[in-house]
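Chain and residue survey
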Amino acid sequence: MNKSISIYRQLAVLKIFDEEEERLLRVSPLGGEERIQDQEPTVLMAGHNNNNNHHNSNNSSEEVDASVLKVHDQGVEIPETAHQISSDSWFQVGFVLTTGINSAYVLGYPGTVMVPLGWMAGVIGLIIATIVSLNANALIAKLHEFGGKRHIRYRDLAGHIYGRRAYALTWGLQYVNLFMINTGYIILAGQALKAAFVLFWKDDHTMKLPYFIAIAGFVCALFAIGIPNLSALGVWLGVSTVLSTIYIVVAIWLSVRDGLKNPARDYSIPGTTATKIFESIGACANLVFAFNTGMLPEIQATIRQPVVENMMKALYFQFSVGVLPMFAVTFVGYWAYGNSSSSYLLNNVSGPVWMKAAANISAFLQSVIALHIFASPMYEFLDTKYGIKGNALAVRNLTFRVTVRGGYLAINTLVSALLPFLGDFMSLTGAVSTFPLTFILANHMYLVAKRTKLPSSQKMWHWLNICFFCVASVAAAIAALRLITVDSKTYHVFADL
């Protein structure tokens, strides 16, 4: 009885809060609606929480279990979630973020970042990208409870601040971002599998790259079927860390050995003037792609209370300890091979077959785990939409994952095999989705949400960021499309690279 009274009391408070917020609505410059708040609300609703026993350490009142509610926010219906939230420590979330940063993508940065930029611009660019990415992600993390409720999806936060159109636009951008990242992971996994294969069998092109990409896609689908949600990764994050350590250590060790034996390397930036310009712009997009997920609210949704404080700990871990392996691989790989560094560093190294095989297999398996992280927002959307809850091994739930997740990854795999140009996909992803989601939208949302509390100088800083990254996004998109067009003329579809 006391619990029922408590819930009714909380619902009454929420109703008063919504009525007061409705009074404060006005039209935003983006054409939607936004909430103008002079004071942060003192009552927090931990929205979409499947765990009734979690508490907000900043507030002694009981939380409402929002799994029984569908919240109508700014004319946008925010659905309950079928996935587990508020269950992970900041350290586990930090490892999720670090897994993304040190995925097998790091093996491509010597070729896709350093070769087009050279030593000076490459080193300075990576350091600046680290700082601005931490700042942008911190802005998003600090808005997680804006308006008195948790926003467990990026689109939920955008819809709360701007309205329905921004909700749909953000979801569209995020979908494109995650689809292209997952396409890149499948290409990476296929490249790693092929590299391991040719160590033991002659590369007579009987087994082509698209075949290995198809195998990689199948393995990714099996993993997606077996792991129901992001929090369920659990021990697999530890496995991912071990796998990352193997290919990073092997790549660094063999690169150092080659670098000490090889003659002087050529560090000049190759290509014509036009090629240098476009490829350097594409490399700048790769810089921001390296550090950002485009799904920070979804990852933050899994963290325990206090969500902002714990998420900041996870971000500091990611952008300090977490970036060191990536920096080491990028700089050592470029030092060892100069402008001949490939988009997959293990194709450059020489050394014992068993070491290279272990590194390639580790890169393949880690790509499978990392892909699951970046596919999880789509899985959460589909599971929630079709009410897939409860026992992960229930026949209905298992059948759904086999059919729907398998179908989604089949499309990803087809695109990967059709256009297996990894560096180009990294550039395009950074241009059309990472720039808008992580930098443009983050700065503008923070500006709108905190406009009554920010000094003029800070407002000007956020507007400068918005303008700069808008220009950078357009330039990077043009450069990436040019690179894909050039490569498509050089190589046919389903190319065996």
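Refer to the structure presented above.
What this report covers is the structure whose coordinates are included nearby. (Residues numbered from 1 in each chain as written. Predicted model: local features only at pLDDT ≥ 70, side-chain atom pairs only at ≥ 80, totals over all residues. Heavy atoms only, no water.)

1. A look at the overall build of the protein
What counts is decided by this rule: What counts as a helix is a DSSP run of H or I of at least four residues, what counts as a strand is a run of E of at least two, and both are numbered from the N terminus. Relative accessibility thresholds used throughout: buried, under 20% of the residue-type maximum; exposed, over 50%; partly exposed, between the two (1.4 Å probe, protein chains only). The contact definition used throughout considers only heavy atoms, calling two residues in contact when any of these lie within 4.5 Å.
Per the secondary structure count, the protein includes 15 helices and four strands. Among the 497 residues that make up the protein, the fraction classed as buried is 57%. Residue pairs in contact within the protein that sit at least 24 positions apart in sequence constitute 82% of those at least 6 positions apart.

2. Focus: the pattern of salt bridges
Let me state the cut-off plainly: The salt bridge criterion pairs a side-chain nitrogen of Lys or Arg with a carboxyl oxygen of Asp or Glu, the two atoms within 4 Å.
Tallied over the full model, the rule gives four salt bridges. Between D156 and R153 there is a salt bridge, and its shortest N-O distance comes to 2.9 Å. Relative accessible area serves as the criterion here: at 1%, R153 is assigned to the buried category. The closest approach of N and O atoms between E309 and K313, which form a salt bridge, is 3.9 Å. Of this pair, E309 and K313 both sit in helix 10 (residues 307–318), four residues apart, which is roughly one turn of that helix. For K313, a relative accessible area of 34% corresponds to the partly exposed category.

3. So, the packing of aromatic side chains
Selection criterion: The pairing test for Phe, Tyr and Trp rings, Trp by its six-membered ring, is centres within 6.5 Å, and the orientation test on the planes gives stacked under 30 degrees, edge-to-face over 60, and tilted for anything in between. Here, over-ring charges are defined by two tests on the NZ atom of lysine or the CZ atom of arginine: distance to the ring centre within 6 Å, and angle to the ring normal within 35 degrees.
Taken as a whole, this structure holds 27 aromatic pairs when the rule is applied. Centre to centre, the rings of Y386 and F400 are 5.6 Å apart; their planes meet at 50°, and the pair counts as tilted. Note that Y386 is positioned in the loop between helix 12 (353–385) and helix 13 (395–418) and F400 in helix 13, a separation of 14 residues in sequence. Of the residues examined, Y386 reaches a relative accessible area of 43% and is grouped as partly exposed. Three or more aromatic residues joined by ring pairs form one cluster here, namely W119, Y267, F327, F331 and Y334. Over the ring of W335 we find R265, and its NZ or CZ is 4.9 Å from the ring centre.

4. A word on the environment of I388
Following the sequence through the fold, I388 ends up in the loop between helix 12 and helix 13. Put simply, I388 and P228 are 160 residues apart on the chain and 9.8 Å apart in space, counted from C-alpha to C-alpha.

5. As for a nonpolar patch on the surface
Which entries qualify depends on this criterion: Only residues whose relative accessible area exceeds 30% and that form no salt bridge enter a patch; like-charged residues are grouped when within 9 Å of one another, and nonpolar side chains (Val, Leu, Ile, Met, Phe, Trp, Tyr) when within 5 Å. Only the protein chains shown count as cover for residues, with accessible areas throughout obtained via the Shrake-Rupley method and a probe of 1.4 Å.
Together, M120, I124 and I128 give the surface a local cluster of nonpolar side chains, amounting to about 330 Å² of exposed area. In this structure, I124 sits in helix 3 (residues 109–142). Judged by its relative accessible area of 45%, I124 falls in the partly exposed class.

6. Section: empty space enclosed by the protein
Here is the rule we go by: Space inside and on the surface of the protein is sampled on a 1 Å grid over the protein atoms alone, with a cavity defined as a set of points where a 1.4 Å probe fits but cannot get out and a pocket as an open set with protein on both sides within 12 Å along at least 5 of 7 lines; lining residues have an atom within 4 Å of a point. Grid points are joined across faces, edges and corners, and a volume is the space filled by probe spheres set on the points. Classes in brief: Ala, Val, Leu, Ile, Met, Phe, Trp, Tyr, Cys and Pro nonpolar; Asp, Glu, Lys and Arg charged; the others, Gly included, polar.
What the rule picks out here adds up to five cavities of 30 Å³ or more. Volume-wise, the second largest cavity comes out at about 100 Å³. Lining of the second largest cavity is provided by 15 residues; of these, G100, F289, A290, N292 and F374 occupy positions nearest its centre. Of all elements in the fold, only helix 2 (90–101), helix 5 (164–200) and helix 8 (273–291) reach the threshold of two or more residues within the lining of the second largest cavity. Here the lining of the second largest cavity is built from residues that sort into ten nonpolar, five polar and no charged.

7. Details of the nonpolar core
Worth spelling out the cut-off: In this description, a nonpolar core means a group of buried Ala, Val, Leu, Ile, Met, Phe, Trp, Tyr and Cys residues linked to one another through side-chain atoms lying within 4.5 Å.
With 123 residues, the main nonpolar core has L107, I161, F291 and M445 as its most contacted residues. Of the residues forming this core, the biggest block, 14 residues, is contributed by helix 12. Residues within four places of F291 in sequence aside, it is in contact with I101, L126, A129, T130, S133, Q318, F319, V323, M326 and F327.

8. Comments concerning the environment of G387
Of note, G387 is situated in the loop between helix 12 and helix 13. Along the primary structure G387 and N397 are separated by ten residues, whereas in three dimensions their C-alpha atoms are 9.2 Å apart.

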